[in-house]
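Listed here are the chains, written in short residue letters.
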Amino acid sequence: MKIVFLLDNAYGIGGTIRSTVNLSGALADRHQVEVISLRRSRQDPALVFDPRVTLTSLIDLRRSSPGYDGDHPDYRRPSERFIEGRDHVERGIATRLGDLRVKELLEQLDADVVIGTRPKINDYLAAYGTDRYLRIGQEHLTHAMHSDHIRSHQDAALAHLDAFVTVSYADAADYRAALPEVRAEITCVPNAVPASQVEPSDGEAKLIVAAGRLIKVKRYDRLLRAFALVAGVHSDWSLRLYGRGPQQDALRATLNDCGLHDRAFLMGVHSPIETEWAKGSIAAVSSDAESFGMTLVEAMHCGVPVVSTDCPYGPGEIITNGEDGLLAPLGGSEETTVRGYADALLHLIEDPDLRSRMAGAAREKAARYCPRRVAGEYEALLTRLLAGRAGAGAAPGRAAPETAPPSGGPGQAAGPTQPAGPGRTPGPARAAAPAPTAETAQPAGDAPTGPATPGGPAARQPAPAASTPRPGSRARVVRTARRLVPRALVPALRPLARALRLNGGAPGGAAKGMRRPVARARAERDGALLVRLRADTLPNGPAVLALRPRHRDDAAPVRLPLPPRDRADADGWIALRLERSGADLYEARWDAYVERTSDGAARRVKALLVETAHLLTMPAPLTGDGTLNPRIPYVTGEGYLAVRAWSRTRHAEVTSIEPGEHGYTLTARLYGQGTRPALSPRTEELSGGPVLSAVPRDNPRQAFEFPGRWSGDGAEGTGRTDTARMELPFELPAAFADGAPEGVWDLWLRPGPGPERMRMGRLLGDLPDRKKTDVTPPTRLGDSSQAVQLYFSLNNNLVLALRTLAPHPAEQVRQPGAEQAGAGQAARGGAAADAASRQDRSSAPSASTGA
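No experiment lies behind these values; they were computed from the predicted model shown.

1. A word on the sheet that holds strand 13 (residues 325-328)
No. 1: The six strands lie next to each other as 10-9-8-11-12-13, forming an open sheet whose pairing is parallel. Edge strands, defined here as strands with exactly one partner in the open sheet, are strand 10 (264-268) and strand 13. Geometrically, the sheet is characterised by an average inter-axis angle of 20° between neighbouring strands, direction not taken into account.
No. 2: Two elements, strand 11 (residues 282-285) and strand 12 (residues 306-309), share three bridges in a ladder whose sense is parallel. Bridged to Ala284 within strand 12 is Val307.
No. 3: Sheet contacts for helix 9 (residues 294-301): strand 8 (207-211), strand 11 and strand 12; angle to strand 12, the most-contacted strand, approximately 165°.

2. Considerations on the pairing of strand 16 (residues 543-549)
No. 1: Counting buried residues in strand 16 gives seven out of seven residues, a clear majority hidden from the surface.
No. 2: Judged by which residues are buried, strand 16 turns out to be covered on both faces: Ala543, Leu545, Leu547 and Pro549 on one side and Val544, Ala546 and Arg548 on the other are all buried.
No. 3: Pairing analysis gives seven bridges linking strand 16 to strand 19 (residues 588-596), with the strands arranged antiparallel. Among the inter-strand pairings, Leu545 is bridged to a residue of strand 19, identified as Val594.
No. 4: In this sheet, strand 17 (residues 558-561) lies alongside strand 16 in antiparallel orientation, the contact comprising four bridges. Bridge pairing in strand 17 places Leu547 opposite Val558.

3. A few points about the pattern of salt bridges
No. 1: Tallied over the full model, the rule gives 60 salt bridges.
No. 2: With a shortest N-O distance of 2.7 Å, Arg81 and Asp123 are connected by a salt bridge. Highlighted residues: Arg81 in the loop between strand 3 (54-60) and helix 2 (96-108) and Asp123 in helix 3 (residues 119-128), separated in sequence by 42 residues. Across the pair, Asp123 and Arg81 agree in class, each one buried.
No. 3: Residue Asp324 is joined to Lys365 by a salt bridge in which the shortest nitrogen-to-oxygen separation is 2.9 Å. In this pair, Asp324 is assigned in the loop between helix 10 (314-318) and strand 13 and Lys365 in helix 12 (residues 352-366), connecting sequence segments 41 residues apart. Neither Asp324 nor Lys365 differs from the other in exposure class; each is buried.

4. Notes on the nonpolar core
No. 1: Counting 34 residues, the largest nonpolar core has Leu6, Leu106, Leu109 and Val114 as its most contacted members.
No. 2: Sort the elements by how many residues they give to this core and helix 3 lands first, with five residues.
No. 3: Aside from chain neighbours lying at most four places away, what touches Leu6 is Ile36, Leu105, Leu106, Val114, Ile115, Gly116, Thr117 and Ile121.
No. 4: Counting 33 residues, the second largest nonpolar core, distinct from the first, contains Leu239, Leu266, Ile282 and Leu348.

5. Some thoughts on the packing of aromatic side chains
No. 1: Within this structure, the stated rule accounts for seven aromatic pairs.
No. 2: Between Phe292 and Tyr369, the ring centres sit 5.6 Å apart and the planes meet at 75°, which makes this aromatic pair edge-to-face. Within this pair, whereas Phe292 is found in the loop between strand 11 and helix 9, its partner Tyr369 is found in the loop between helix 12 and helix 13 (371-392), the two being separated by 77 residues in sequence.
No. 3: Members of the aromatic cluster, connected to one another through ring pairs, are Phe704, Phe736 and Trp745.
No. 4: Sitting above the plane of the Tyr128 ring, Arg81 keeps its charged end 5.9 Å from the centroid.

Calculation rules
- Residues numbered from 1 in each chain as written.
- Predicted model: local features only at pLDDT ≥ 70, side-chain atom pairs only at ≥ 80, totals over all residues.
- Heavy atoms only, no water.
- Pairing = 2+ DSSP bridges.
- Helix = DSSP H or I, 4+ residues; strand = E, 2+ residues; numbered from the N terminus.
- Axes fitted to C-alpha atoms, helices over the stretch in contact; angles between N-to-C directions.
- Contact = heavy atoms within 4.5 Å.
- Buried < 20%, exposed > 50% of the residue type's maximum accessible area, 1.4 Å probe, protein only.
- Salt bridge = Lys/Arg side-chain N within 4 Å of Asp/Glu carboxyl O.
- Core = buried A, V, L, I, M, F, W, Y, C linked by side-chain atoms within 4.5 Å.
- Phe/Tyr/Trp six-rings, centres within 6.5 Å; stacked < 30°, edge-to-face > 60°.
- Lys NZ or Arg CZ within 6 Å of the ring centre and 35° of its normal.

What is shown is where atoms sit, not what they do.
Pasting the structure below:
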């Protein structure tokens, strides 16, 4: 069969897109599969489609594309069907151009089955589709979650579809109860979620992980308040929340209100998310409602037990309470719900054996949702529908053209042909899921893509290969051009910029005849870096993996010989292990290339997966001479493999930042040689306390120091450590600012009168960049317009900024000693902080001090 999926935007990362990626790849085992995206917003999809799946699009919104549709007059006109969201016209999601392109497509499409994936597309499919193919609608939310406007249109569309598939058994029952006259088959097929390709969680990190779109129904504010109760009992646990959405500023304010700025972290978007699930020991879902809960199954695949609210609909159909996860009840009040959820978290936190048993059971349960099995359920549905059509001579549920579903553009009332179901609270009834089966791995690879052309859907073609970024000095030229070239001229200059790009090679020459190397990397338990490269992407002859320090074109790369291609394992991968003692990586960002030995041509390495879970529990990486030498592999913003390395003979690792009534309390652990002050010959106690040293960026007269105290010492790895606690009064920066309204200070620690000072920062763990995740809110100085703020620079060093608050009536900043308030304040560091970060990056730190 030829099966076509219709997606609104296949280039995003939402749950509907992920489920389509998984299902389309499984169906491609036995069928011809195409995914058509109504809009194309970027060159390559954020999620990788199976290479056997054809990906095309109808409206091209890439400004650099010759087929750019953003200036089309119909793109500025609202849809004449209906509009799902208030801002969908302004954002170009519901446009007249979309109506026309989809109508043309569906009238001409040659397919056996067309599957719509959201209410807008189901409405299109009902209005413009034909009897030449089966029309299947999907519901990725629930009947109760939709507004009356959307529900009425989708309910009306069901009368013109052959089948309607929900992802929850309870939701299918709701639709059947609300629409008893609809002849279309309403059934449930859960989402497909493939087994994870990452190493499962070992359950050792004291970390709770949550992930999803930051919207109200997810109730991450509830999770933060529950975690605040947990943190009061187990201060060594932390929470990470991955995702983006309209609730981000409100969640930042809640986080600060709860005093969690150094315990709970908003991590932003991460794809693939499996590498982050595998870092956690508990996964958290705190929603008021979940249509399915792909995040639950993703976490379970990674061996992480889930604590979820027992909300309609999906969690209770996926989790067996007490066996493979916990269901926390939605109480009679929000306070009761928060306390119940906190109790469920504490139950798992305080019982490691239970966590371990649930982790194994969770992986077994997740196998029920393997793509091959879900694809089989879809094949059974399609076979049944085609057989019914052949027996009856027509598709079931077909309606005459004059009863087509209503159009309802802006200001138009929806006129459904079927009565809309009344709003109701979903009940607890759930259907039992079929028994689990074994999972099979989803094939990986680069997916062909296809842009829309000016001629519309009839002229759709596969997209050309993605252009490659400019390495080395060319990147600096581009950054300079962005500062100097007026923004209005950028679209006109993009074709020229593309023509000047190197062919993905290293500085000094193009890499003709070389494929893009593709790799997976993992930080091992002993600190080594395991890099696996796909053999068919490597040169035929001898080659090396070259690590090149960024922004240092004159520096020699570190080269590691690659095994020959014929030594690939059964899956087609070649492994290379970079031992901690095997390469001298000084403090820099190192980009990975594959170099061809014969001519030195090189291409940058594309990263499919980078796993860093072991870095969370690994001892501090100290060399034989006591130098702290962390190395963190990561994926760059462009999707390439890189390694962030530091090398410091002395370092003060900031372990906590606590705002108090009058100032910050900073706790730091000291690493490296010369970090321990001399002992008093009489008492054998430390002869002097630690000193916080603030070094100004611009005015030497603004320097100041403030004494601290020792809170303990110990041993870790091969070096001695001490823990220092230092007070930083809020008023101190302004007092030493020499009358300036703003200032920036690099923070150092001097362990007593003898040893040299050492840089303070956060280098340990799994994060190459702390600036956007480890955010300390600004603190207003009394009733003045000034505020102080601690932040981590682009080198992960601790910096103090004094800034003038911009006058804004809605702005609310924490008063000394008061609770945090004001959405989004913690995320804003001001111009002085940004300038300081740029200076911190541009001045290369020395290997001995990390300055």
